[in-house]
Amino acid sequence: MELSGVGVWSSQLRYGDPAESADAAAELDELGFDALWIPDVGGPVLDAVESLLAATKRTVIATGILNLWMHDPAEVAASYAQSTAAHGERFLLGIGVSHAPLIGSDRYRKPLAATASFLDALDAAEQPVPAENRVLAALGPKMLTLAASRARGAHPYLVTPEHTAAARSALGDGLLLLPEQTVILSDDPDEAHAIGTDWLRSYLALPNYANNLLRSGFTPHDLAQVSDRLFDAIFAWGDEEAVVRRIAEHRAAGADHVCVQVLLADPQEFPREQWRRIAAACIG
């Protein structure tokens, strides 16, 4: 399983109408995207992976991420083995600890140890998930170190090219670095801010993301106000050239693959036109 170039990160592929998800995945496969990434905030994410694998021929299907608090590792390993037997090695298992406000502070304890324990159980399963086919959601240095030793690399979310450079330094050479990049294809700053600001605020309410941005040099004022500086750093907004430029910045900073998440005014709508535009600009 090799990953380079550009992928798509999409909540619509995970939680949208299953028939449209399958049809969109087949088109994205034909457009040449290397991987399709889906989130996990509850529900049968492994069934969704299986459906997307069945709808595609060559692209990798990746969890971005599988929430380890919501799954039994033995069941994950068994499902992984079944999907791999049916579709070849096209399932990249991204694993993460999510966030205390979503999981509950009574359960969300020692996330680093919980991740290591989950990986131990995957290794001990009757059919283990190979380390080379799994990555970790990693923002801070300790989780990046765990990703370097127990997985094939890291999938950082809501990050800048500067974070990508720091993550590459922490991971070293030879491991996959697969950041997510959020995109708004609009040249109108008012429209772009209307689409992106509330979406970003919802993530800034989660300590893992807020703390990572503070470590990255943003101020509490940047986060509280969603400053232009923060907005421009998080979003690639404008036309296709803005997207191409930001992907190139991540690649220059050490990313192997960049997965693009397109935001629209309606979060339920599949951004199929935008995916086609990005494919034309980034893949050819």
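Above this text sits the structure in question.
Rules of the game
- Residues numbered from 1 in each chain as written.
- Predicted model: local features only at pLDDT ≥ 70, side-chain atom pairs only at ≥ 80, totals over all residues.
- Heavy atoms only, no water.
- Phe/Tyr/Trp six-rings, centres within 6.5 Å; stacked < 30°, edge-to-face > 60°.
- Buried < 20%, exposed > 50% of the residue type's maximum accessible area, 1.4 Å probe, protein only.
- Salt bridge = Lys/Arg side-chain N within 4 Å of Asp/Glu carboxyl O.
- Helix = DSSP H or I, 4+ residues; strand = E, 2+ residues; numbered from the N terminus.
- Expected span 1.5 Å × (residues − 1).
- Arc of directions from axis to C-beta.
- Polar contact = N/O pair within 3.5 Å; in protein donor to acceptor, adjacent residues only side chain to side chain.
- Lys, Arg positive; Asp, Glu negative; His and termini not counted.
- Contact = heavy atoms within 4.5 Å.
- Axes fitted to C-alpha atoms, helices over the stretch in contact; angles between N-to-C directions.
- Parallel < 35°, antiparallel > 145°, perpendicular 65-115°, else oblique.
- Nonpolar A, V, L, I, M, F, W, Y, C, P; charged D, E, K, R; others polar.
- Pairing = 2+ DSSP bridges.
- Core = buried A, V, L, I, M, F, W, Y, C linked by side-chain atoms within 4.5 Å.

Trainee: Go over the packing of aromatic side chains, please, and point to the residues and values.
Mentor: Tallying each qualifying case throughout the model produces 8 aromatic pairs. When the ring of Tyr203 is compared with that of Tyr209, the centres are 5.5 Å apart and the planes differ by 75 degrees; the resulting orientation is edge-to-face. Across the pair, exposure class does not vary: Tyr203 and Tyr209 are buried alike. Among the aromatic residues, ring-to-ring pairing joins Trp9, Tyr157, Trp199, Tyr203, Tyr209, Phe231 and Phe235 into one connected group.

Trainee: I'd like to hear about the pattern of salt bridges, residue by residue, with values.
Mentor: Close approach of charged atoms allows side chains with opposite charge to pair. Summed over all chains, the structure comprises 13 salt bridges. Residues Arg246 and Glu249 are paired through a salt bridge, measuring 3.3 Å at the closest nitrogen-oxygen approach. Taken as a pair, Arg246 and Glu249 lie in helix α13 (residues 240-253) at a separation of 3 residues, close to a single helical turn. Judged by relative accessible area, Glu249 falls into the partly exposed class, the value being 37%. Ionic contacts of the salt-bridge type, sharing partners, join the residues Glu20, Asp23, Glu27, Arg272 and Arg276 into one network.

Trainee: Which residues make up α13, and what are the values?
Mentor: Compared with the 20 Å implied by 1.5 Å per residue over 14 residues, the 20 Å span of α13 between its first and last C-alpha is a close match. Listed in full, the buried residues belonging to α13 are Ala242, Val243, Arg246, Ile247, His250 and Ala253. Down the axis of α13, the smallest arc covering the buried residues is 130 degrees, so these residues share one side. Among the residues of α13, the N-terminal cap falls to Asp239, whose side-chain oxygen and the backbone nitrogen of Glu241 are separated by 3.1 Å. Remark: Gly254 follows α13 within two positions and exhibits a positive phi of approximately 125 degrees.

Trainee: Got a sec to walk through the side chain of Arg14? Specific residues and values, please.
Mentor: Structurally, the position occupied by Arg14 is in helix α1 (residues 12-15). Despite being buried, Arg14 has no salt bridge partner; Asp40 is the closest side chain of opposite charge, sitting 4.6 Å away.

Trainee: Any details on helix α8 (residues 161-171)? Residues and values, ideally.
Mentor: Among all positions of α8, only Pro161, His163, Thr164, Ala167, Arg168 and Leu171 are buried. End-on, the buried residues of α8 take up no more than an arc of 145 degrees, which puts them together on one face. Turned more than 90 degrees away from the buried face of α8, the exposed residues are Glu162 and Ser169. Against α7 (141-150), β7 (153-154), β8 (176-177), α10 (207-215) and α13 lie the buried residues of α8. Looking one or two places after α8, you find Gly172, whose phi comes out positive at around 80 degrees.

Trainee: Help me get a handle on the packing of helix α3 (residues 45-55) against helix α4 (residues 73-87), residues and values and all.
Mentor: Interhelical geometry of α3 versus α4 gives an angle of 5 degrees and a closest axis separation of 11 Å. Our classification of the angle between α3 and α4 gives roughly parallel. Across the interface between the two elements, Leu46, Glu50, Leu53 and Ala54 from α3 touch Val76, Ser79, Ser83 and His87 from α4. Here the residues of the contact of α3 with α4 are counted per class, giving 4 nonpolar, 3 polar and 1 charged.

Trainee: Could you give an account of the pairing of strand β9 (residues 180-184), with specific residues and numbers?
Mentor: On a regular strand, each side chain points to the face opposite its neighbour's, so the side chains alternate between the two faces of the sheet. Taken across its 5 residues, β9 has 5 buried, putting it largely inside the fold. The alternating pattern of β9 places Glu180, Thr182 and Ile184 and Gln181 and Val183 on opposite faces, both of which are buried. Of the pairings in the sheet, the one linking β9 to strand β11 (residues 257-262) comprises 4 bridges and is parallel in character. Among the inter-strand pairings, Val183 is bridged to a residue of β11, identified as Val262. Examined bridge by bridge, β9 and strand β10 (residues 235-237) share 3 bridges and lie parallel to one another. Note that in β10 the partner of Val183 across the bridge is Ala236.

Trainee: Could you give me a rundown of the nonpolar core, with the residues and numbers involved?
Mentor: Burial of nonpolar side chains together is a common tendency in soluble globular proteins. If you look at the biggest cluster of nonpolar residues, it comprises 60 residues, and the most contacted ones within it are Leu13 and Leu122. By residue number, the principal contributor to this core is α3, which donates 6 residues. Excluding residues that lie within four positions of it along the chain, Leu122 makes contacts with Pro73, Val76, Ala77, Leu93, Ile95, Pro128, Val129 and Arg134. The next biggest cluster of nonpolar side chains, apart from the first, holds 35 residues, and it includes Tyr157, Ile195, Trp199 and Val226.

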